[in-house]
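# Per-entry structural report
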Amino acid sequence: MTRPMTQPMTQGTTVAIDKIVPGWSAPNRERARWLLERYPQRRSALMPLLYLAQLEHGHLTDEAQRQVAELTGLTAAQVLAVSSFYTMYKRDHVGRYLISVCTSISCYLLGGDDVLEAVEIQAGAHDGETSPDGLFTVEHVECLGACGGAPAVQVNYEMIEGVRPEKARGLCDWLRTASPQVVFGDEMQALFGGQRSFDWGPSETEGAIAPVPAFGPYGSVGGSS
Ligand code: FES
């Protein structure tokens with residue numbers, strides 16, 4: 001059967017959310033309902049719903065993607081095409097602290113690979129892996145848009161610039177011992193950063209996001225509640 005190019009307008013309230021995602025927490029079911037009601041085409045809610053599903057499951061499980069397909073009226077293949085394209089959708093378990101090290105050209109030229117190696121050793125996880133204690137996930141990433149402050153590192157998407165290997169080791173130790181509930185870029189920059197590309201403006205007061213991202217409006221700040 002040929003799928004129509006555009007689906008008829010479907011109000012979120014007509015989607016049987018409680019039947020499709022009965023195991024989701026009540027707040028996340030409400031967020032899903034709210035998201036679907038914001039778009040005339042429910043498939044337009046695909047990306048925020050994927051973030052929400054990721055938040056609910058801890059990462060994007062096959063089951064989570066099937067649920068999002070059902071919520072949006074898309075096929076599993078269409079959902080997978082999107083979730084596998086964007087790197088902030090995580091298909092595997094993510095540790096409490098996601099450490100992303102930029103190894104693109106500016107950072108590479110200023111020692112980004114050495115920073116990555118220092119993080120891997122100190123965190124106890126290779127690139128793309130999670131440490132056995134579940135504390136760290138390490139990944140190399142493409143340009144973070146902070147080339148003037150290379151090498152750049154992010155922890156749970158909070159930026160630190162001008163990081164050197166010895167500071168990277170200190171960062172891992174600090175995360176392990178201080179165990180902050182929410183990480184703040186400004187704090188980590190002061191403790192472990194160096195040259196900054198420019199003043200990024202007012203500080204975040206609540207921290208940006210958790211290691212499994214679903215932005216503040218969807219209720220991810222500080223965890224998965
Ligand atoms: S190359 Fe690393 S932030 Fe641009």
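For the structure, check the block above.
Residues numbered from 1 in each chain as written. Predicted model: local features only at pLDDT ≥ 70, side-chain atom pairs only at ≥ 80, totals over all residues.

## Regarding the pairing of strand β1 (residues 97-102)
Across the six residues of β1, six count as buried, placing the element largely inside the fold. Judged by which residues are buried, β1 turns out to be covered on both faces: Tyr-97, Ile-99 and Val-101 on one side and Leu-98, Ser-100 and Cys-102 on the other are all buried. Pairing analysis gives six bridges linking β1 to strand β2 (residues 136-141), with the strands arranged parallel. Bridged to Tyr-97 within β2 is Phe-136. Sheet topology places β1 next to strand β3 (residues 153-155); three bridges connect them, and they run antiparallel. Residue pairing across strands places Val-101 opposite Val-153, the latter belonging to β3. (Buried ≥ 20, exposed ≤ 12 C-beta atoms within 10 Å, placed from the backbone. Helix = DSSP H or I, 4+ residues; strand = E, 2+ residues; numbered from the N terminus. Pairing = 2+ DSSP bridges.)

## Details of the sheet that holds β3
One open sheet accounts for four strands, arranged β2-β1-β3-β4; its pairing is mixed. What marks the edges here is a single partner per strand, and that holds for β2 and β4 (158-160). Taken over all neighbouring pairs, the strand axes of this sheet differ in orientation by 25° on average, direction set aside. Set on the sheet, helix α7 (residues 112-123) makes contact with β1, β2 and β3; between it and β1 the angle comes to about 160°. (Axes fitted to C-alpha atoms, helices over the stretch in contact; angles between N-to-C directions. Contact = placed C-beta atoms within 7 Å.)

## Focus: unusual backbone geometry
Cis peptide bonds are those with omega within 30 degrees of zero, and the linkage from Ala-150 to Pro-151 qualifies with -5°. Secondary-structure assignment places Pro-151 in the loop between β2 and β3. With a phi angle near 50°, Asn-156 is a residue other than glycine that sits in the positive phi range. Its place among the elements puts Asn-156 in the loop between β3 and β4. Judged by C-beta crowding, with 25 C-beta atoms within 10 Å, Asn-156 ranks as buried.

## Structural notes on helix α9 (residues 185-192)
For α9, the set of buried residues is Gly-185, Met-188, Gln-189 and Phe-192. Looking straight down α9, one finds that the buried residues subtend no more than 105° of arc, so they occupy a single side. Of the surrounding secondary structure, the elements contacted by the buried residues of α9 are β3, β4 and α8 (165-178). (Arc of directions from axis to C-beta.)

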